[in-house]
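Geometric and topological summary
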Amino acid sequence: MSIRAAFFDVDGTLFSHETGVVPESARRALEQLRERGIIVGVATGRTFGEMQDLPTADMPFDVYLTMNGQLILDADGTYIAGNPLTGDALVNIIRLFDEGKVPVQLFEQNRSYINFVNETVEQAQAEILTPVPKVGTHHGAPLYQADLFVDEAEAERLMPLLQSCDITRWNDRAIDVNAPSPGGKADGIARFIETQGIQPCEVIAFGDAENDLSMLQFVGIGVAMGNATPEAKAAASLVTKAVDDDGVAHALKQLGLM
């Protein structure tokens, strides 16, 4: 069966934090996919707003699966579907935010803010080439993600409050917290392709890290970058070269998609 949709993680997949640029080969590859009528989207832990400040900002995408697939937006950033935090998950995240004992960043559809900034926040954000979030206050808008800037020991201590959440670590100093779903980014892909009449076997996805595992296993062809974690490589059906070694283009050529 032919490929009708392709989804790409951003950090470590479309660009590396070492170079901070998208390889020209990857840019051409995605253009060729769209020319073939294949839907090209991103599946990222990032927000739509953050995407506008990244090296991918000038690249056209047909759909954005943001915040680990929990908020789905069209090419213009217009809401398609979402899975906000609710119930105990929401109550406990707001509690942690208001207590101010650990840095907690909250993400609404068009706004994000943090309760306070410390050195841990500054270091984590610097490593992903992203400005430190502004301090703000929650006024009741739906929340699609929270970032807790905590190491593994602190995260373990907080786990009783996060048992009803989906947790993925994106940095030694930080975790993403999302509403429970059938599978993070895979859930976002499933929601979107259902609206398009596309089957999972008609989808290819590229990723490199913990929050990519579900989608690499869900789609017809899951591609792990050469710089991916061992877990991502094990979850994939194909392992390509590293992002800065033209890994995206290499895999698509190998699969006859460009």
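Here is a short report on the structure shown in this document. Note that the structure is predicted; figures quoted are calculated from it, not measured.

Where helix α1 (residues 24–35) contacts helix α9 (residues 247–254), the two axes come as close as 7 Å, and the packing angle between them is 40°. The angle between α1 and α9 falls in the class oblique. Counting all contacts with α1, which are made through S25, A26, A29, L30 and L33, the residues of α9 involved are V248, A249 and L252. Grouping the constituent residues of the contact of α1 with α9 by class yields 7 nonpolar, 1 polar and no charged.

Sheet analysis places strand β4 (residues 71–74) next to strand β5 (residues 79–82), joined by 3 bridges and oriented antiparallel. When the sheet's bridge partners are listed, I72 is paired in β5 with A81. The loop that links β4 with its antiparallel partner β5 comprises 4 residues; one of these, G77, has a positive phi angle of about 85°.

A negative phi angle characterises most non-glycine residues, just as the trans form characterises most peptide bonds. Of note, M67 is a non-glycine position whose phi angle comes to about 50°, a positive value. For M67, the position within the fold is in the loop between β3 (63–66) and β4. Relative accessible area serves as the criterion here: at 0%, M67 is assigned to the buried category. A positive phi angle, near 65°, is found at D246, a position not held by glycine. As for its placement among the helices and strands, D246 is situated in the loop between β13 (238–239) and α9.

Within the element layout of this structure, Q145 appears in strand β8 (residues 145–148). For the pair Q145 and L90, spaced 55 residues apart in the sequence, the C-alpha separation amounts to 9.7 Å. With sequence-adjacent residues up to four places away left out, Q145 is seen in contact with G45, M67, N68, L85, Q105, L106, F107, D176, V177 and N178. In terms of polar contacts, Q145 uses its side chain to reach the side chain of N68, at 3.3 Å. Among the polar contacts listed, one links the side chain of Q145 to the side chain of N178, at a separation of 3.1 Å.

Criteria and thresholds
Residues numbered from 1 in each chain as written. Predicted model: local features only at pLDDT ≥ 70, side-chain atom pairs only at ≥ 80, totals over all residues. Heavy atoms only, no water. Axes fitted to C-alpha atoms, helices over the stretch in contact; angles between N-to-C directions. Helix = DSSP H or I, 4+ residues; strand = E, 2+ residues; numbered from the N terminus. Parallel < 35°, antiparallel > 145°, perpendicular 65-115°, else oblique. Contact = heavy atoms within 4.5 Å. Nonpolar A, V, L, I, M, F, W, Y, C, P; charged D, E, K, R; others polar. Pairing = 2+ DSSP bridges. Buried < 20%, exposed > 50% of the residue type's maximum accessible area, 1.4 Å probe, protein only. Polar contact = N/O pair within 3.5 Å; in protein donor to acceptor, adjacent residues only side chain to side chain.

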